[in-house]
Amino acid sequence: GPRLVEVLSAPDFAVAMVLAELCATPGSVENPRRVASALLRVLDASDLCVPLLKLALSRELPRGGGGPVNARLLKDASAAGELCGAALAMAGSGFVRACFAPLAAQLCSGDVDFEVEPALLLPGESLASNTDNLCKAVQWFLDTAREATHDAPPLLRVLASHVYTLFPSSSRDAARASILSLLCLSLIAPALESPVEHGLLPPPPSPP
């Protein structure tokens, strides 16, 4: 209710940030993503989800770049990473399915001409050819991700724009790397790690 939102958001989202920090601390919460998602849903009902996410990102990367740039933004466990991951999982699930389900289906169909582990190559199969085919598959994935950015969910665009403004003009490469982390680590990687759970692949048939 309104009272809960007030407790979570004032002053400066202090209670909400404590909960987010707990989610980012290994072993502190049984299901960090579920807790972070519940927190965001409560705040989103009062249009406070995006302000919290922006605050978390701003605290992880102090504005102005007076000190060394945190090139590992969102790569380590952090409140911002947990919150952004939960938010994008809620807002971007349809986007991920539409973009990557066909690719995942083909890769899992068995009709591929490469092995990720060279040790799995059969006798007589060329390591050079396998490497070339693997590189083509990775490039296909990257091309798909790049083309998909035109249809990215609005929340991802808002957060990416905010991250970009937090970096000084001399650190635009670091800004782009952090935005890529936001996209890959918070949205794409979890879906590829659990493709059935995220709808990239159909569930396996039930045993007879």
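Scroll up a little and you will see the structure.
What comes next is a walk through the structure. As the structure is a prediction and not an experimental result, all values here were calculated from the model. (Residues numbered from 1 in each chain as written. Predicted model: local features only at pLDDT ≥ 70, side-chain atom pairs only at ≥ 80, totals over all residues. Heavy atoms only, no water.)

A word on the environment of Gln-106
So, step 1. Considering the arrangement of structural elements, one finds Gln-106 in helix H6 (residues 93-107).
So, step 2. For the pair Gln-106 and Ala-177, spaced 71 residues apart in sequence, the C-alpha to C-alpha distance is 28 Å. (Helix = DSSP H or I, 4+ residues; strand = E, 2+ residues; numbered from the N terminus.)

Some remarks on the state of the cysteines
So, step 1. Applying the stated rule across the entire model yields zero disulfides.
So, step 2. Here Cys-23 is not disulfide-linked; the sulfur of Cys-84 is the nearest cysteine sulfur, at 13 Å.
So, step 3. Judged by its relative accessible area of 5%, Cys-23 is buried. (Disulfide = S-S within 2.5 Å. Buried < 20%, exposed > 50% of the residue type's maximum accessible area, 1.4 Å probe, protein only.)

A look at the pattern of salt bridges
So, step 1. Evaluation of the coordinates by the stated rule reveals three salt bridges.
So, step 2. Of the charged contacts, one joins Arg-3 and Glu-6 as a salt bridge, the two residues approaching to 3.4 Å between their closest N and O atoms. One end of the pair is Arg-3 and the other is Glu-6, both in helix H1 (residues 2-9) and three residues apart, which spans about a single turn.
So, step 3. Ionic pairing is found between Asp-132 and Lys-136, a salt bridge with its closest N-O pair at 3.4 Å. (Salt bridge = Lys/Arg side-chain N within 4 Å of Asp/Glu carboxyl O.)

Observations regarding unusual backbone geometry
So, step 1. Between Ala-10 and the following residue, Pro-11, the backbone shows a cis peptide bond with an omega angle of -15°.
So, step 2. Here Pro-11 is to be found in the loop between H1 and helix H2 (14-23).
So, step 3. Positive phi outside glycine occurs at Phe-13, with the angle close to 55°.
So, step 4. In this fold, Phe-13 is placed in the loop between H1 and H2.
So, step 5. In this structure, Asp-47 takes a positive phi of about 60° despite not being glycine.
So, step 6. As for its position among the elements, Asp-47 is in the loop between helix H3 (32-44) and helix H4 (49-60).

Thoughts on H2
So, step 1. Along H2, the residues that are buried comprise Ala-16, Met-17, Ala-20 and Cys-23. Along the axis of H2, the buried positions cluster into a sector of 110°, meaning they face one direction only.
So, step 2. Considering only its buried residues, H2 is in contact with H1, H3, H4 and helix H5 (79-91). (Arc of directions from axis to C-beta. Contact = heavy atoms within 4.5 Å.)

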